Amino acid sequence: MAKITVTVDGVTYSDDVEPRLLLVHYLREQVGKTGTPIGCDTSNCGACTVHMNGVSVKSCSVLAVQAEGAEITTIEGMADGQWHPLQQAFHAEHAVQCGYCTPGMIMAAADLLRNNPHPSDQEIRAGLEGNLCRCTGYENIVRAVRRAAEAGAGS
């Protein structure tokens, strides 16, 4: 076992973990952040995307021990008493169907908007590359990210 200390959505956790435990399983099973779904466990779909030290990572490709000392933000941590502008935009633009990819899409979009507050549609598509949606055809997702950008979500 290895001892890790991480801050998840503003709360510090210290736990013993198996060295091979994936971050996504740690977040869901030990911390209780079930808004981060387990998609493919191979880093292909992006559903499990979270922010680690301000950068989006696919939590199925990061070991929990690699997050030692890190600040993690999950989809639950995006809301601060009310929905984050990206969450509002995804709702308003009907950018969800089954909703499975939505947490990862929102986390990837937040990282994109932090680095590029006013992206073109092509830049939005490139910024979401690696996050798969099997339901929406992406048009509503691109509109949602554009809407959030126009509302200042990246500022």
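Residues numbered from 1 in each chain as written. Predicted model: local features only at pLDDT ≥ 70, side-chain atom pairs only at ≥ 80, totals over all residues. Heavy atoms only, no water.

### A few points about the environment of N140
Part 1: Topologically, N140 is positioned in helix α6 (residues 139-150).
Part 2: The spatial distance from the C-alpha of N140 to the C-alpha of V6 is 34 Å, given a sequence separation of 134 residues.
Part 3: For N140, the residues in contact, after removing those within four places along its chain, are E93, H94 and A95.
Part 4: From its side chain, N140 meets the backbone oxygen of E93 in a polar contact 3.5 Å long.
Part 5: Among the polar contacts listed, one links the side chain of N140 to the backbone oxygen of H94, at a separation of 3.0 Å. (Helix = DSSP H or I, 4+ residues; strand = E, 2+ residues; numbered from the N terminus. Contact = heavy atoms within 4.5 Å. Polar contact = N/O pair within 3.5 Å; in protein donor to acceptor, adjacent residues only side chain to side chain.)

### Some points on unusual backbone geometry
Part 1: Located in the positive-phi region is N53, a residue other than glycine, with phi close to 55°.
Part 2: Summarising the element assignment, N53 is placed in the loop between β3 (49-52) and β4 (55-58).
Part 3: A residue is classified by how much of its surface remains accessible, and N53, at 52% relative accessible area, is exposed. (Buried < 20%, exposed > 50% of the residue type's maximum accessible area, 1.4 Å probe, protein only.)

### Examining the side chain of T7
Part 1: Position of T7 relative to the elements: it lies in strand β1 (residues 2-8).
Part 2: With relative accessibility at 16%, the residue T7 sits in the buried group.
Part 3: Separated by 3.2 Å, the side chains of T7 and T12 make a polar contact.
Part 4: When sequence neighbours within four positions are dropped, the list of residues in contact with T7 reads T12, A70, E71 and I72.

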